[in-house]
Amino acid sequence: MSRRILIVGGANGIGLAMATAWAGRSEVERVYVVDKDPLAPGYHMAKMESFQFDVTERDYSFFDRFTDIDTLMVTAGFAHQALFRDVPEQYIRDSFEVNALPALRLAKRFYTRLEGAEPFRMGVMVSIAGFMSSPFLSVYAATKAALKVFIESVNVELEKAGSTNRILNVSPGKIRGTKFHDNSTDLDLITPLALDIIQHLEAGDDLFIPKYDEVYHQVLERYHQDFRAEGRHSYEYKIRNKR
């Protein structure tokens, strides 16, 4: 069975790494890459088809053309580390319009596929910041916390509707080799994580926290035991490491 995949935010970073991995598979017929930025010629592969679209647009009818997809991955997002007192009000609005709302709007647009009997995979890049207080990233964390609870809530609705499809919440910490953290894309660094995400997505999982056993299990335990203390720890860690 030929597969067709849509990646929203796939012109760089983890989205590009996933697009490249999928485009190299024999069972994949087409990988649609949608991003505000163009796909750099050096990354284009024969099975890729790229489109430019700004996810802050009011009209999402652009996505009506993707009737043939069986997988949807949403990776669009951005953040700037700063104290809340220092961020402009426009940054708050922009953050929700890029980091949170597109995933909800796309889930709504493809909801009949999610609720249907046929397998339909959807994944969203969330963040470990959505699970805990994140000083210097308060707005970003708020957008990701919104996504976390949205995904959990809709997955229950899908289960109760009798669907076996689930939305995958991918919640990593820092990802080296992305424009998000390093101002450039290094596929060699990102591809192992991209392959792990694809594996969890295709297994129909609903949550994947990379490095959970090695790092984030203990972090989340500390947070649930005393979220105030863990918040202070996070603040001081960022100060020590110059954020």
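Residues numbered from 1 in each chain as written. Predicted model: local features only at pLDDT ≥ 70, side-chain atom pairs only at ≥ 80, totals over all residues. Heavy atoms only, no water.

A.B. asks: I would appreciate a short explanation of the pairing of strand β5 (residues 121-125) in the present structure.
C.D. replies: Of all five residues in β5, five are buried, a share of seventy percent or more. The sheet contact formed by strand β4 (residues 71-74) and β5 spans four bridges and is parallel. Paired with Met73 across the two strands is Gly123, which belongs to β5. In terms of strand pairing, β5 meets strand β6 (residues 167-170) through four bridges, oriented parallel. Opposite Gly123, over in β6, you have Leu168 as the bridge partner. Each parallel crossover has a hand, and for β5 linked through helix α4 (residues 138-160) to β6 it is right-handed. (Buried < 20%, exposed > 50% of the residue type's maximum accessible area, 1.4 Å probe, protein only. Helix = DSSP H or I, 4+ residues; strand = E, 2+ residues; numbered from the N terminus. Pairing = 2+ DSSP bridges. Right-handed = clockwise from strand over helix to strand, strands pointing away.)

A.B. asks: Looking at this structure, how should I read helix α7 (residues 212-225)?
C.D. replies: All of the buried residues along α7 are Tyr216, Val219, Leu220 and Tyr223. One side of α7 holds all its buried residues, which, seen down the axis, span an arc of 95°. Among the exposed residues of α7, those pointing more than 90 degrees away from its buried face are Asp213, Glu214, Gln218 and Gln225. Residues of α7 that are buried make contact with α8 (227-240). (Arc of directions from axis to C-beta. Contact = heavy atoms within 4.5 Å.)

A.B. asks: Looking at this structure, I do not really get the packing of aromatic side chains. What am I missing?
C.D. replies: By the definition in use, this model includes 15 aromatic pairs. Relative to Tyr60, the ring of Phe53 lies with its centre 5.6 Å away and its plane at 80°, an arrangement referred to as edge-to-face. Neither residue differs from the other here; Phe53 and Tyr60 are each classed as buried. Relative to Phe63, the ring of Phe53 lies with its centre 5.2 Å away and its plane at 80°, an arrangement referred to as edge-to-face. Of this pair, Phe53 sits in the loop between β3 (48-52) and β4 while Phe63 sits in the loop between β3 and β4; the two residues are ten residues apart in sequence, bridging distant segments of the chain. Judged on exposure class, the residue Phe53 and its partner Phe63 are both buried. Three or more aromatic residues link up through ring pairs in this structure, and these residues are Tyr32, Phe51, Phe53, Tyr60, Phe62, Phe63 and Phe66. Sitting above the plane of the Tyr60 ring, Arg105 keeps its charged end 3.6 Å from the centroid. (Phe/Tyr/Trp six-rings, centres within 6.5 Å; stacked < 30°, edge-to-face > 60°. Lys NZ or Arg CZ within 6 Å of the ring centre and 35° of its normal.)

A.B. asks: Sorry, what's going on with the environment of Met45 here?
C.D. replies: Within the secondary structure, Met45 is located in the loop between β2 (28-35) and β3. Given the relative accessible area of 26%, Met45 is considered partly exposed. A C-alpha to C-alpha distance of 9.3 Å links Met45 and Val31, two positions 14 residues apart in sequence. The residues touching Met45, leaving out its near neighbours within four places in the chain, are Thr20, Ala23 and Gly24.

A.B. asks: It is not clear to me how the pairing of β4 should be interpreted in this structure. Could you clarify?
C.D. replies: Moving residue by residue along a regular strand, the side chains alternate between the two faces of the sheet. Here β4 shows a buried face lined by Thr71 and Met73 and a second buried face lined by Leu72 and Val74. The pairing of strand β1 (residues 3-8) with β4 spans four bridges and is classified as parallel. Bridged to Val8 within β4 is Val74.

A.B. asks: Quick question: what am I supposed to make of the sheet that holds β6 here?
C.D. replies: The strands making up a sheet are joined through hydrogen bonds of the backbone, oriented either antiparallel or parallel. The sheet built from seven strands is open, its strands ordered β3-β2-β1-β4-β5-β6-β7 with parallel pairing. Every other strand in the sheet has two partners, leaving β3 and β7 (207-208) as the edge strands with one partner each. Across the sheet, helix α6 (residues 187-202) touches β1, β4, β5, β6 and β7, and the angle it forms with β5 is around 140°. (Axes fitted to C-alpha atoms, helices over the stretch in contact; angles between N-to-C directions.)

A.B. asks: I keep staring at the packing of helix α2 (residues 89-109) against α4 and nothing clicks. Help me out?
C.D. replies: Each pair of packed helices can be described by the angle between their axes along with the distance between the axes. With their axes 9 Å apart at the nearest point, α2 and α4 run at an angle of 15° to one another. Here α2 is positioned roughly parallel relative to α4, judged by the angle of their axes. Once α2 is placed against α4, the crossing between them reads as right-handed. Here Tyr91, Ile92, Ser95, Phe96, Asn99, Ala100, Ala103, Leu104 and Ala107 of α2 lie close against α4, whose contacting residues are Val139, Tyr140, Ala142, Thr143, Lys144, Leu147 and Phe150. Here the residues of the contact of α2 with α4 sort into twelve nonpolar, three polar and one charged. (Parallel < 35°, antiparallel > 145°, perpendicular 65-115°, else oblique. Left-handed = near helix turned anticlockwise from the far one by under 90°. Nonpolar A, V, L, I, M, F, W, Y, C, P; charged D, E, K, R; others polar.)

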